[in-house]
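Residue-level listing of the chains:
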Amino acid sequence: MKKFNLLIVLMLSAVTMLQAQVPKGDVLIKNGTVLTVTNGTLENTDILVRDGKIDRIGKNLRTPNGVEEIDATGLFVMPGIIDAHSHIAGSAINEGTSQVTSEVSMEDVVDPFDISIYRALAGGVTSIHLMHGSANVIGGQNETLKLRYGFTNPDDLRFEGAPRTIKFALGENPTRGGRRRGIQPQSRMGVEAMLRNSFNEALEYQKKWEAYRADNSRRKVAPEYSLRMETLVDILEGEVLVHCHSYRADEIYMLMKVFQDFGIEKLTFQHANEAYKVAPELAAFGAGASVFSDWWAYKLEVYYSTAYNAAILTNNGVTTSINSDSGELIRHLFHEAAKTQKYGDLTDDEALALITLNPAKQLGIDNRVGSIEEGKDADIAIFDSHPLDIYAIPLMTFVDGVKYFDKATDEKDQRLYIDPESSIEVVQIFDRETQHRCMEGADLVDFFELFNN
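Draft legend 1. Quick peek at helix α5 (residues 227-236). Counted residue by residue, α5 has eight buried out of ten residues, so it is predominantly covered. Buried within α5 we find M229, E230, T231, L232, V233, D234, I235 and L236. One or two residues past the end of α5 sits G238, with phi positive at roughly 80°.

What follows is the structure, encoded as structure tokens:
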């Protein structure tokens with residue numbers, strides 16, 4: 001027992017040392033226009049950051065000894081942008097060998113060398129939700145990351161303390177995979193059946209383990225352990241937040257009915273192009289929606305949508321965010337948020353919340369990030385003009401009070417690992433390879449096959 005206890009102590013010490021390696025910054029940002037998101041706009045205001053946290057917000061704050069001072073006169077300071085749907089910083093996306101793969105996790109494939117991390121920082125992004133793909137009905141667990149670019153240990157990018165989340169998928173993507181492999185589901189009704197069957201199996205698994213733990217017999221035999229079922233039980237018990245790839249209103253409504261039947265409450269719909277059609281129902285359920293600003297009609301089930309989607313959802317009381325699902329869009333999510341002022345007349349705070357506080361709520365990290373408040377993490381972006389201005393340029397990005405992007409010192413090549421024998425990367429403003437990684441690695445059926453089934 002003593003050896004076991006010693007091992008536990010050593011393991012905890014190792015975890016503490018690992019977390020201690022992540023730097024926390026001290027900085028005073030002076031005289032900026034501070035866009036708090038939760039407390040309006042504060043003119044000529046200072047933000048004092050100590051040990052990675054926002055320590056004080058006020059005017060004429062004194063600069064403590066040894067603390068860097070940044071003159072933000074004429075500049076705009078906002079919370080770091082959060083992307084609730086991203087596939088950057090991942091070396092794999094889909095585990096498509098089964099329609100239920102809740103045992104796998106994106107935490108095992110975090111790629112800290114991905115140059116896309118730095119590019120996102122250059123767009124004011126400080127946290128992302130690295131998601132599993134949408135090739136199966138119940139996919140793998142996701143990972144919430146802080147963009148601490150420069151650290152090569154994947155553990156240093158974890159958003160420590162963030163709740164666990166998992167990816168579900170409805171519609172064409174999982175049914176295409178089913179048809180390809182000749183397995184269920186091959187239709188939308190098969191998707192619902194698979195969801196209900198999976199949760200019923202999880203309930204039976206839970207009962208077996210509860211009976212085992214309650215049994216005082218010395219001859220009791222433990223049920224077979226299944227990480228897949230353990231994760232589904234955790235979903236039923238509210239310990240894992242579900243983020244579901246979806247497009248059509250009827251499917252969105254279907255999943256809410258399934259979740260109501262099983263008592264699952266923590267749900268955010270991803271993409272949700274037709275969410276505006278069921279906005280009151282989403283609000284009544286308490287579900288969130290993470291949508292594109294104005295992107296649709298790229299495949300059959302995404303035929304209908306509207307650029308007013310985010311505004312309609314917001315006005316109906318749905319916690320709504322705008323995501324990128326793209327290594328390109330992530331660099332200008334502030335532009336995507338600004339579109340809701342043209343299409344929906346959202347206020348500045350409402351539009352900024354779409355890319356800050358609301359995605360933080362959907363990921364369960366709003367007590368740490370998403371707004372500029374004393375006590376929160378100092379994840380901050382500084383712009384040369386109002387970030388909802390089409391001409392706005394990000395100048396600096398801080399994570400935990402540490403500056404990870406500074407336009408003034410931006411170098412031409414920011415890669416961490418450069419193979420001297422590799423060819424020079426072709427840089428494009430729009431790179432199609434960075435788009436739609438949701439089905440990357442999946443065994444796909446082609447369009448001819450799709451429309452002949």
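So that's the structure; there's more coming.
Draft legend 2. Region of interest: the sheet that holds strand β6 (residues 81-86). Read across the sheet, three strands follow the order β6-β7-β9 without closing on themselves; strand pairing throughout is mixed. Taken across any chain shown, the strands that pair with only one partner, and hence form the sheet edges, are β6 and β9 (143-146). For this sheet, the mean angle separating the axes of adjacent strands, direction not counted, is 20°. As paired elements, strand β7 (residues 125-130) and β9 share four bridges and run antiparallel to each other. Its bridge partner lying in β9, L130 is registered against E143.

Draft legend 3. Geometry of the packing of helix α4 (residues 188-214) against α5. Interaxial distance between α4 and α5 falls to 9 Å at its minimum, and their mutual angle equals 95°. One finds that α4 runs roughly perpendicular with respect to α5. Contact residues: α4 offers S198, F199, E201, A202, L203, Y205, Q206 and W209, while α5 offers M229, E230, L232, V233, I235 and L236. Tallied by class, residues from the contact of α4 with α5 come to ten nonpolar, two polar and two charged.

Draft legend 4. How the structure looks around helix α3 (residues 172-181). Across the ten residues of α3, eight count as buried, placing the element largely inside the fold. Within α3 the residues assigned to the buried category are E172, N173, P174, T175, R176, G177, G178 and R179. Phi turns positive one or two residues past the end of α3, at G182, with a value near 70°.

Draft legend 5. Spatial organisation of a nonpolar patch on the surface. Taken together, F113, L416 and Y417 make up a surface patch of nonpolar side chains, about 310 Å² in accessible area. When you line up the elements, Y417 lands in the loop between β17 (402-406) and α12 (447-450). By relative accessible area, which is 59% here, Y417 ends up exposed.

Draft legend 6. Region of interest: the packing of aromatic side chains. As enumerated under the stated definition, the model contains 16 aromatic pairs in all. Taken together, a centroid distance of 6.4 Å and an interplanar angle of 75° make the contact between F113 and Y417 edge-to-face. With F113 in the loop between β6 and α2 (115-121) and Y417 in the loop between β17 and α12, this pair connects stretches of sequence that are 304 residues apart. Residue F113 is classed as partly exposed on the basis of its relative accessible area, which comes to 37%. A ring pair is formed by Y247 and Y298, whose centres lie 6.2 Å apart and whose planes are at 75°; its orientation type is edge-to-face. Taken together, the residues Y247 in the loop between β11 (240-246) and α6 (249-262) and Y298 in the loop between β13 (288-291) and α8 (309-315) connect sequence positions 51 residues apart. Residue Y247 is classed as buried on the basis of its relative accessible area of 2%. An aromatic cluster of three or more residues is present, and its members are F168, F199, F259 and F262. The lysine or arginine in question, K220, covers the ring of Y212, its NZ or CZ lying 4.4 Å from the ring centre. Positioned above the aromatic ring of Y304, the side-chain terminus of K277 is 5.0 Å from the ring centre.

Draft legend 7. Broad picture of the environment of L236. Here L236 shows up in helix α5. Judged by relative accessible area, L236 falls into the buried class, the value being 14%. Considering only alpha carbons, one finds L236 and E201, 35 residues apart in sequence, at a separation of 12 Å. Excluding residues that lie within four positions of it along the chain, L236 makes contacts with F199, A202, L203, F262, G263 and I264.

Draft legend 8. Focus on unusual backbone geometry. Going from Q184 to P185, the amide bond is cis rather than trans, its omega being 0°. Note that P185 resides in the loop between α3 and α4. Phi at N60 takes a positive value of approximately 55°, unusual for a residue other than glycine. With respect to the element layout, N60 can be found in the loop between β3 (53-58) and β4 (68-71). Taking the relative accessible area as the measure of exposure, N60 reaches 73% and is therefore exposed.

Draft legend 9. Spotlight on the pattern of salt bridges. In total, this model carries 31 salt bridges according to the counting rule given. E160 is paired through a salt bridge with R368; the nearest N and O atoms lie 3.6 Å apart. One end of the pair, E160, is in the loop between β9 and β10 (164-169); the other, R368, is in the loop between α11 (357-363) and β15 (380-383), and 208 residues separate them in sequence. Taking the relative accessible area as the measure of exposure, E160 reaches 26% and is therefore partly exposed. On the basis of relative accessibility, which here comes to 18%, the residue R368 falls in the buried class. The partner of K277 in a salt bridge is E274, with the nearest N and O atoms 3.4 Å apart. When salt bridges with common partners are traced through the structure, they connect K24, K53, K146, R148, E160, R368, D377, D379 and D400 into a single cluster.

Parameters and conventions
Residues numbered from 1 in each chain as written. Predicted model: local features only at pLDDT ≥ 70, side-chain atom pairs only at ≥ 80, totals over all residues. Heavy atoms only, no water. Buried < 20%, exposed > 50% of the residue type's maximum accessible area, 1.4 Å probe, protein only. Helix = DSSP H or I, 4+ residues; strand = E, 2+ residues; numbered from the N terminus. Pairing = 2+ DSSP bridges. Axes fitted to C-alpha atoms, helices over the stretch in contact; angles between N-to-C directions. Parallel < 35°, antiparallel > 145°, perpendicular 65-115°, else oblique. Contact = heavy atoms within 4.5 Å. Nonpolar A, V, L, I, M, F, W, Y, C, P; charged D, E, K, R; others polar. Patch = residues over 30% accessible without salt bridge, like charges linked within 9 Å, V, L, I, M, F, W, Y side chains within 5 Å. Areas by Shrake-Rupley, 256 points an atom, 1.4 Å probe, with all protein chains shown as cover. Salt bridge = Lys/Arg side-chain N within 4 Å of Asp/Glu carboxyl O. Phe/Tyr/Trp six-rings, centres within 6.5 Å; stacked < 30°, edge-to-face > 60°. Lys NZ or Arg CZ within 6 Å of the ring centre and 35° of its normal.

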